[in-house]
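What follows is the residue order along each chain.
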Amino acid sequence: EEYLKKATAAIQPMCRSDAPAKHHVGHQEQLMNFHKLHNQSQVRSRGYGIGNPIVGLPPHAKDSYYTQPGSPYNDASIVYAPMIGDLDESKGGGRPYKSDKWADRLRTAEENAAIVEEEEKEAAKALESYKVSQQKRLATLRNRGGGTVIG
């Protein structure tokens, strides 16, 4: 700010202006060179969690090189999958899942066995219901005095 005040003091306006500022310089972060390096693209880790001992970058520190929008290395472009449920929701959470496939992977063997048993019970119940309705249908056909009933 002090620099801009000094620099704009010598500028004579040519006409009246309603602009809120006397300069066209936007917000700037304070410039800081990492370990006196002027080329900030050198400040990048050598691998995940390794850092860079040559330039003194510690492990898990943020890299300084530019990444394009949409790049998987750009933090603003990372989109995490939304979680659709939690297997331990009744206990306060702890096993969130993003799809039914992940829910199957997160369940214990006992939970999977209980689900299979429940599905088998429902299938047996549906089959029994079908057999009863089939018997009723055949009884109705026989009562009408029809000929031979196949099935």
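All residue numbers refer to position in the chain's written sequence, counted from 1. It should be noted that, the model being predicted, local features are given only for residues of pLDDT at least 70 and side-chain atom pairs only at 80 or more, the latter also being counted only at that level, while totals for whole chains, interfaces and linings use all residues. The basis for the side-chain values is all heavy atoms of the structure; hydrogens and waters are excluded.

(A) Examining the environment of Leu-127 more closely. Labels follow the DSSP assignment, with helices taken as runs of H or I lasting at least four residues and strands as runs of E lasting at least two, numbered in each case from the N terminus. Turning to its location among the elements, Leu-127 is positioned in helix 3 (residues 109-143). Along the chain, Leu-127 and Ala-139 lie 12 residues apart, while their C-alpha atoms are 18 Å from each other.

(B) Up close: the packing of aromatic side chains. The criterion for an aromatic pair is that two Phe, Tyr or Trp rings (for Trp, the six-membered ring) have centres within 6.5 Å, with stacked assigned to planes under 30 degrees apart, edge-to-face to planes over 60 apart and tilted to the rest. A full pass over the atoms with the stated rule returns zero aromatic pairs. Seen from the ring of Trp-102, Arg-105 lies directly overhead, with NZ or CZ sitting 4.9 Å from the centre. Either the NZ atom of lysine or the CZ atom of arginine qualifies as a charge over a ring when it sits within 6 Å of the ring centre and within 35 degrees of the ring normal.

(C) Representation of helix 3 in the model. The span one expects for a helix is its residue count, reduced by one, times 1.5 Å. The terminal C-alpha atoms of helix 3, which comprises 35 residues, lie 51 Å apart, in line with the 51 Å expected from a rise of 1.5 Å per residue. Once helix 3 ends, the next one or two residues include Gly-145, with phi positive near 85 degrees.

(D) Here's a closer look at a negative patch on the surface. Patch members must show over 30% relative accessible area and no salt bridge, and they are joined within 9 Å when carrying like charges or within 5 Å when they are nonpolar side chains of Val, Leu, Ile, Met, Phe, Trp or Tyr. With residues, only the protein chains shown are counted as cover, and all accessible areas are computed by Shrake-Rupley using a 1.4 Å probe. For this analysis, a salt bridge means a side-chain nitrogen from Lys or Arg found within 4 Å of a carboxyl oxygen belonging to Asp or Glu. This count recognises Lys and Arg as positive and Asp and Glu as negative, with His and chain-terminal groups excluded. For the purpose of locating charges, the reference atoms are NZ of Lys, CZ of Arg, CG of Asp and CD of Glu. On the surface, Glu-118, Glu-119, Glu-120 and Glu-122 cluster together into a negatively charged patch. In this structure, Glu-118 sits in helix 3.

(E) Highlighting the confidence of the model for the protein. Each residue carries a pLDDT value, the predictor's own confidence for that position, ranging from 0 to 100. Mean pLDDT over the protein works out to 83, with 90% of the residues at or above the 70 mark. Within the protein, helix 3 carries the highest mean pLDDT (93), whereas helix 1 (residues 2-9) carries the lowest (80).

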